[in-house]
Amino acid sequence: MVARPPLRLRIEAMRLTDLPAVYAIELASFTTPWPPHAYRSELETNRMATYLVVRAADELVGYAGMWVMVDEAHITTFAVHPAWRRRRVGERLLLALLDLALERRAREATLEVRLSNLPARRLYEKYGFRPVGIRPNYYSDDREDALIMTTETLDSARMAERIERLRAELATLQAHGTAGSQPVRAGDEPDRPRDQPHPPGAGPGP
Ligand SMILES: CC(C)(COP(=O)(O)OP(=O)(O)OC[C@H]1O[C@@H](n2cnc3c(N)ncnc32)[C@H](O)[C@@H]1OP(=O)(O)O)[C@@H](O)C(=O)NCCC(=O)NCCS
């Protein structure tokens, strides 16, 4: 049998025509998804915001958003289609956001994540985010606390070394066809849905 080449992932700016696919992933990922009109408003009116999507061929498989305010990059949303998780799509997205944050001269990147959301926490830790505080009762559905995570200075030597090491690892995996090449098999257990803290436009944080 001839091995198929790895499917290339493309990261692009989110467009209004992406909103149905984004909403489908929201529904599959969060207990209180952001409605499409919230994303529409972000794309049309928020000049501080950047929203990215990941495509595998024509399929939208993940997306993320970020606000850059003065010298801080705040990640507002982040999700990968359940069938595409654990294929390093999240890593590719996070790397793209951090590259953009640096380009826009953000000093650090920050976000809130559910205390119980270990997959996301592990991903962020891998990319240099560290816990810096708690927002008590942050999530409206069950009042779970949010963990606030922040990177060290983005242009520090240590952060640059981490990013370049992870970028090189991803490139090697991609070259060997083991990153983002296939969706997970039908029947694999996706991560359970999780809450979105607040709709875009409500501000990053309570
Ligand atoms: C969190 C999420 C975006 C990760 O996306 P992903 O594409 O599956 O992640 P990747 O394959 O790029 O994984 C990269 C790293 O993340 C961590 N990770 C991802 N999924 C994990 C899991 N189920 N358990 C433990 N660690 C996990 C690991 O550190 C992993 O690196 P490793 O394989 O070297 O250990 C995805 O699970 C998701 O969409 N979850 C639902 C939405 C959500 O929680 N968003 C975050 C809101 S703050």
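This structure is a prediction, so every number in the text was calculated from the model and none was measured.

**Brief notes about the overall build of the chain**
Okay, step 1: Looking only at helices and strands, one finds 5 helices and 7 strands in the chain.
Okay, step 2: Reading the chain from its N end, one meets helices and strands in the order β-α-α-β-β-β-α-β-α-β-β-α.
Okay, step 3: A burial count over the chain gives 34% of its 206 residues as buried.
Okay, step 4: Counted over contacts in the chain with a minimum sequence separation of 6, partners at least 24 positions apart contribute 67%.

**Thoughts on the packing of helix H1 (residues 19-29) against helix H2 (residues 36-45)**
Okay, step 1: Interhelical geometry of H1 versus H2 gives an angle of 130° and a closest axis separation of 10 Å. Between H1 and H2, the angle is such that the two are oblique. Read as a crossing pair, H1 and H2 show a hand that is right-handed. Note on element contacts: H2 touches H1 through Pro 36, Tyr 39 and Arg 40, opposite Leu 19, Val 22 and Tyr 23.
Okay, step 2: Residues of the contact of H1 with H2, tallied by class, amount to 5 nonpolar, no polar and 1 charged.

**Thoughts on the site of the ligand**
Okay, step 1: For the ligand, the set of nearby residues contains 21 residues, the closest of which are Arg 85, Gly 90, Pro 119, Arg 122 and Leu 123.
Okay, step 2: Listed by contribution, the elements that provide at least two residues to the shell around the ligand are strand E4 (72-80), helix H3 (89-103) and helix H4 (118-126).
Okay, step 3: Here the shell around the ligand takes 6 residues from H4, the largest share from any one element.
Okay, step 4: When grouped by side-chain class, the residues that make up the shell around the ligand number 9 nonpolar, 3 polar and 9 charged.

**A few points about the sheet that holds E4**
Okay, step 1: Strand order in this open sheet of 7 strands is E1-E2-E3-E4-E5-E7-E6, and the pairing throughout is mixed. In this open sheet, the two edge strands, each paired with only one partner strand, are strand E1 (9-13) and strand E6 (129-135). The average angle at which neighbouring strand axes cross in this sheet is 25°, direction not considered.
Okay, step 2: Note that strand E5 (residues 108-114) and strand E7 (residues 146-151) share 5 bridges and pair antiparallel. Bridge assignment links Glu 112 to a residue of E7, and that residue is Ile 148.
Okay, step 3: Lying on the sheet, H3 is in contact with E1, strand E2 (49-56), strand E3 (59-69), E4 and E5; it crosses E3 at an angle near 30°.

**Observations concerning the nonpolar core**
Okay, step 1: Ranked by size, the top nonpolar core spans 42 residues in total, and within it Tyr 63, Leu 97 and Ala 101 carry the most contacts.
Okay, step 2: The element that contributes the greatest number of residues to this core is H3, accounting for 6 residues.
Okay, step 3: Sequence-distant contacts of Ala 101, defined by excluding residues within four places in its chain, comprise Met 66, Val 68, Ala 73, Ala 106, Ala 109 and Leu 154.

**Here we look at unusual backbone geometry**
Okay, step 1: Despite not being glycine, Ala 57 shows a phi value in the positive range, around 55°.
Okay, step 2: Mapped onto the elements of the fold, Ala 57 is located in the loop between E2 and E3.
Okay, step 3: Residues other than glycine seldom take positive phi values, yet Val 70 does so here, at roughly 50°.
Okay, step 4: Along the polypeptide, Val 70 turns up in the loop between E3 and E4.
Okay, step 5: Residue Val 70 is classed as exposed on the basis of its C-beta count, with 8 C-beta atoms lying within 10 Å.

**Some details on H2**
Okay, step 1: Inspection of H2 places Ala 38, Tyr 39 and Glu 42 among the buried residues, and these make up the whole buried set. Along H2, the residues classed as buried sweep out an arc of 100° about the axis, all on the same side. Those residues of H2 that are exposed and aimed more than 90 degrees away from the buried face are His 37, Glu 44 and Thr 45.
Okay, step 2: On the buried face of H2, the contacting elements are H1, E2 and E3.

**As for the pairing of E7**
Okay, step 1: In this sheet, E7 lies alongside E6 in antiparallel orientation, the contact comprising 6 bridges. By the bridge assignment for E7, Arg 130 is matched with Thr 150.

Conventions and cut-offs
Residues numbered from 1 in each chain as written. Predicted model: local features only at pLDDT ≥ 70, side-chain atom pairs only at ≥ 80, totals over all residues. Helix = DSSP H or I, 4+ residues; strand = E, 2+ residues; numbered from the N terminus. Buried ≥ 20, exposed ≤ 12 C-beta atoms within 10 Å, placed from the backbone. Contact = placed C-beta atoms within 7 Å. Axes fitted to C-alpha atoms, helices over the stretch in contact; angles between N-to-C directions. Parallel < 35°, antiparallel > 145°, perpendicular 65-115°, else oblique. Left-handed = near helix turned anticlockwise from the far one by under 90°. Nonpolar A, V, L, I, M, F, W, Y, C, P; charged D, E, K, R; others polar. Near = placed C-beta within 6 Å. Pairing = 2+ DSSP bridges. Core = buried A, V, L, I, M, F, W, Y, C linked by C-beta atoms within 7 Å. Arc of directions from axis to C-beta.

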